[in-house]
Every structure is written in structure tokens, then in C-alpha cells.
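# A look at the structure
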Amino acid sequence: ADGYTILVTTTSLAINESLVPDRGYTASQLEPVALPISAPESLSSSTKSTIKNVADLVNEAKAGKVYMGSAGIGSGSHIAAEYFFKVLVKAPVKHIPFPGGNPAMMGLLSGDVNVLAATATGNISRAVKSGDTIGLAIAANERSPILPKVPTFTEAGYPGMSASSWVGF
């Protein structure tokens, strides 16, 4: 209100609108200034699993064999993945929330979960490029420059699956 304060926030600002009612403010009271960072959500599988592409993922999910890790309940990645599985695929998955992105990646690498829902950033790119994980799909309109071999959900047969996490002012 004083014109001298700026908030740097993340996707959680929008998510909390529905998760945490009566916070004392609403996002509509804030004036957006810039959105300098945005990255698509992604799904990756463990090299220890039988899931090598989205078709395998859907088959395993419909059989009740998908244990999906994320950075936590209500994260952008978690919500995007739940939309994919519950709305588009109509298949149950067991969500295993971790206390952050790095522990979730460790859960995937160790085989504690067979799928990881995560924002497609440098950690995901490095793990896919090194062959430690398999990039299944990204939730973007076109392939990511940092994951050029990973198809979009549209390419995998699920048009309209678009979701990203962001940082804004």
C-alpha cells in the first residue's frame, strides 16, 4: 500500500488461494509486476522401474502400481500430477510427499518411488541427461530446451496438459 514494498513469490501464492482460506488477504489485492521465471512441470521414472514412457506409466497407474513422489502436498508439481492422473487418465496413484525436491529426487533414485512429479529444472535435466532417470513428459506446449528429448504430454497423447511453476514480483 505504501508503494515501497515488493513481494517476490512463487506458485504457492496461487495454490494457497484454495488450500488456505481466510489468510487475511487475497492474491487479487496484489498488483502483478513481472513473471521472470517459469518452468513446466514434469514426470520422470526410476530406471529401476518398468515405466519407460507415458503409455507404460498409464498402464502401471491403472494397475495401481504407481508410487509418485513430489516435493510435498500442495506443490505445483503435486497438483499438476494429480490432475493428470485423476482427471485425464482416471487412474489411482499413491502420492508420497517428501519434504522438498531434493529428498523427492533421492526417493526416485533409490527406488522408494517409481515416478517423480517435479518442476523441469536443472536437477531434472541433469538426472535425465545422465541416464539416472527417465524423462516421461513435460507439461508444456513445446519441448523444453533443457530436456529436448523429453516429449510433451500432447505428444504423448494428452493434449492440453500444461502446467508450470513460477516466481513472480
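Preceding this section is the structure that the text describes.
The structure contained in this document is the topic of the report that follows. Positions within a chain are numbered from 1, following the residues in the order the chain's sequence is written. In keeping with the model being predicted, local features are shown solely for residues with a pLDDT of at least 70 and side-chain atom pairs are shown and tallied solely at 80 or more, while totals for entire chains, interfaces and linings include all residues. Calculation of side-chain values draws on the structure's entire complement of heavy atoms; hydrogens and water are dropped beforehand.

### So, the overall build of the chain
Helix and strand content of the chain: five helices and seven strands. By the criteria applied, helices consist of DSSP H or I runs no shorter than four residues and strands consist of E runs no shorter than two, each listed in order from the N terminus. Counting helices and strands in the order they occur from the N terminus, the chain gives β-α-β-α-β-α-β-α-β-α-β-β. Based on the C-alpha atoms only, the size of the chain along its principal axes is roughly 55 × 30 × 30 Å. The 169 residues of the chain split such that 43% are buried. If you take every contact in the chain between residues at least 6 apart in sequence, the share linking residues at least 24 apart comes to 69%. Think of it this way: Lys and Arg go in the positive column, Asp and Glu in the negative one, and His and the chain ends go nowhere. Throughout, a charge is located at the NZ atom of Lys, the CZ atom of Arg, the CG atom of Asp or the CD atom of Glu. The averaged location of the 12 negative side-chain charges in the chain is 11 Å from the averaged location of its 12 positive side-chain charges. Residue exposure (1.4 Å probe, protein chains only): buried if accessible area is under 20% of the type maximum, exposed if over 50%, otherwise partly exposed. Working rule for contacts: check all heavy atoms of both residues, and any pair within 4.5 Å makes them a contact.

### Things to note about the nonpolar core
By nonpolar core we mean a set of buried residues, namely Ala, Val, Leu, Ile, Met, Phe, Trp, Tyr and Cys, connected to one another through side-chain atoms within 4.5 Å. Of all hydrophobic cores here, the largest spans 22 residues; its most connected members are Leu-43, Leu-57, Val-66, Phe-84, Phe-85 and Phe-153. With five residues, helix H3 (residues 76-89) is the single largest residue contributor to this core. Excluding residues that lie within four positions of it along the chain, Phe-153 makes contacts with Leu-43, Phe-84, Ala-137, Ile-138, Ala-139, Tyr-158, Pro-159 and Met-161. Grouped together as the second largest cluster of nonpolar side chains are 15 residues, Ala-104, Ala-120, Val-128 and Val-150 included.

### A few points about helix H2 (residues 54-62)
Considered for burial, the residues of H2 that qualify are Val-54, Leu-57, Val-58, Glu-60 and Ala-61. The buried residues of H2 occupy an angular sector of 165° when the element is viewed end-on, so they sit on one face. With respect to the buried face of H2, the exposed residues turned more than 90 degrees away are Asn-59 and Lys-62. As for H2, its buried residues are in contact with strand S2 (37-46), H3, strand S5 (115-119) and strand S6 (133-138). N-capping of H2 is provided by Asn-53, with a side-chain oxygen placed 3.1 Å from the backbone N of Ala-55. Remark: Gly-64 follows H2 within two positions and exhibits a positive phi of approximately 75°. The directions from the helix axis to the C-beta atoms form the arc being described. N or O atoms within 3.5 Å of each other form a polar contact, as long as, within protein, one can give a hydrogen and the other can take it, and as long as residues adjacent in sequence are counted only when both atoms are side-chain atoms.

### As for the side chain of His-95
In this fold, His-95 is placed in strand S4 (residues 94-97). A polar contact of 2.6 Å, which involves the side chain of His-95, links it to the side chain of Ser-70. When neighbours within four sequence positions are excluded, His-95 is seen to be in contact with Met-68, Ser-70, Gly-72, Ile-73, His-78 and Glu-82.

### Examining the packing of aromatic side chains
Aromatic rings from Phe, Tyr and Trp, with only the six-membered ring used for Trp, were paired whenever their centres fell within 6.5 Å, and each pair was classed as stacked if the ring planes differed by under 30 degrees, edge-to-face if by over 60, and tilted otherwise. Under the defined criterion, the tally for this structure stands at three aromatic pairs. Between the aromatic rings of Phe-84 and Phe-153, the centroid separation amounts to 4.8 Å while the plane-to-plane angle is 50°, which identifies the pairing as tilted. In this pair, Phe-84 is assigned in helix H3 and Phe-153 in the loop between S6 and strand S7 (164-168), connecting sequence segments 69 residues apart. Per residue, the accessibility class of Phe-84 equals that of Phe-153, and both read buried. Classification of Phe-84 as buried rests on a relative accessible area of 0%. Linked through ring pairs, Phe-84, Phe-85, Phe-153 and Tyr-158 together constitute an aromatic cluster. In this structure, Arg-23 is placed above the aromatic ring of Tyr-25, and the distance from its NZ or CZ to the ring centre is 4.5 Å. Charge-over-ring placement is defined geometrically: NZ (Lys) or CZ (Arg) within 6 Å of the ring centre, and within 35 degrees of the ring normal.

### Digging into the pattern of salt bridges
Here, a salt bridge means any side-chain nitrogen of Lys or Arg that lies within 4 Å of a carboxyl oxygen of Asp or Glu. For the coordinates displayed, the defined rule picks out three salt bridges. Arg-23 serves as the salt-bridge partner of Glu-17, at 2.5 Å between the closest nitrogen and oxygen. On the basis of relative accessible area, Glu-17 is assigned to the partly exposed category, the value being 34%. Arg-23 gets classed as partly exposed once you look at its relative accessible area, which sits at 22%. The shortest N-O distance in the salt bridge between Glu-82 and Lys-86 comes to 3.3 Å. Linking Glu-82 with Lys-86, this pair stays in helix H3, spanning four residues, or about one helical turn. Since its relative accessible area comes to 58%, Lys-86 is described here as exposed.

By themselves these figures say nothing about function.
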